[in-house]
Amino acid sequence: MPDDRNVARALLDRQSHTYAEEAGITIADRPGPLYQLLVLTTLLSTRIRACVAVAAARELFAAGWRTPSAMEAASWQERVDALGRGHYRRYDERTATMLGTGARLCLDRWHGDLRRMHKEADGDRAVLRRLLTEFPGIGPTGADIFLREVQAVWPDVRPYADRRTLAGARRLGLPASPGGLAGLVGEADFGRLASALVRVALGEESAGEVSRTAAAAR
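Just so we're clear, the structure is a prediction, and the values are computed from it rather than from any experiment.

Draft legend 1. Region of the structure containing the nonpolar core. Core analysis: the largest hydrophobic core is formed by 52 residues, its most contacted members being L40, L43, L60, L114, M117, F146 and W154. Those elements that place two or more of their residues in this core are helix 2 (19-22), helix 3 (31-44), helix 4 (50-62), helix 6 (76-85), helix 7 (92-110), helix 8 (115-121), helix 9 (125-132) and helix 10 (140-150). For L40, the residues in contact, after removing those within four places along its chain, are Y19, A20, A23, I25, A53, V54 and A57. Counting 22 residues, the second-largest nonpolar core is a separate cluster that includes V7, L166, L174 and L184.

Here's what the structure looks like:
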């Protein structure tokens, strides 16, 4: 049987991109990418397939709405239309409203810069989760999504493994704890591992295929 590190490496070889990267977001500790991650988080927080949420985010960004100012300046109908182009139709009208309201909150509360939110939390993940859930459409699961992705550039959040990440780890027989998983990869790869494990939990990646890939690579 392959050891845990081999399984983690096989998974990363098969699923090397995070959801943010798929949406065209180059994660960095800067206002633009952090806001774009917030938008993606809002889209992923509804009961809709992740691939649809990613496609919708790409449409919003292609329209030029990569900052809260630009998102708020877009009309509600323009946002609805962009979501529709990404096939995000079941929740398009409500989400278009939430994106506008969330953009205004980002501007009013954080001056368009979520690094201010990070600074206010001062390394306390519970505070970060609470502040994130103040945005419309983002609940505890959404806060998990944001923190799981942002840990690549906010080291004080790492290692962050939410319940879906740990569910994926269990399906692969990997340690079902943040610390245990962190010991399998380098710090720079932990966010990717967490995202890849979510794909296993959601059935987007086959646990059996990952195990077979790891065994073949021994």
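Draft legend 2. Expanded view of the packing of helix 3 against helix 7. Running from N to C, helix 3 and helix 7 cross one another at 150 degrees; their axes reach a closest spacing of 11 Å. Our pair here, helix 3 against helix 7, has a crossing hand that is right-handed. The segment helix 3 lies against helix 7, with Y35, V39, T42 and L43 engaging T95, L99, A103 and C106. Among the residues making up the contact of helix 3 with helix 7, the classes are represented as 6 nonpolar, 2 polar and no charged.

Draft legend 3. Examining the pattern of salt bridges more closely. Scanning the entire structure with this criterion turns up 16 salt bridges. The shortest N-O distance in the salt bridge between E59 and R85 comes to 3.3 Å. With a gap of 26 residues between them, E59 in helix 4 and R85 in helix 6 connect regions that are remote in the sequence. Relative accessible area serves as the criterion here: at 45%, R85 is assigned to the partly exposed category. Note that R129 is salt-bridged to D144, the shortest N-O span being 2.3 Å. Within this pair, whereas R129 is found in helix 9, its partner D144 is found in helix 10, the two being separated by 15 residues in sequence.

Rules used in this analysis
Residues numbered from 1 in each chain as written. Predicted model: local features only at pLDDT ≥ 70, side-chain atom pairs only at ≥ 80, totals over all residues. Heavy atoms only, no water. Core = buried A, V, L, I, M, F, W, Y, C linked by side-chain atoms within 4.5 Å. Buried < 20%, exposed > 50% of the residue type's maximum accessible area, 1.4 Å probe, protein only. Helix = DSSP H or I, 4+ residues; strand = E, 2+ residues; numbered from the N terminus. Contact = heavy atoms within 4.5 Å. Axes fitted to C-alpha atoms, helices over the stretch in contact; angles between N-to-C directions. Left-handed = near helix turned anticlockwise from the far one by under 90°. Nonpolar A, V, L, I, M, F, W, Y, C, P; charged D, E, K, R; others polar. Salt bridge = Lys/Arg side-chain N within 4 Å of Asp/Glu carboxyl O.

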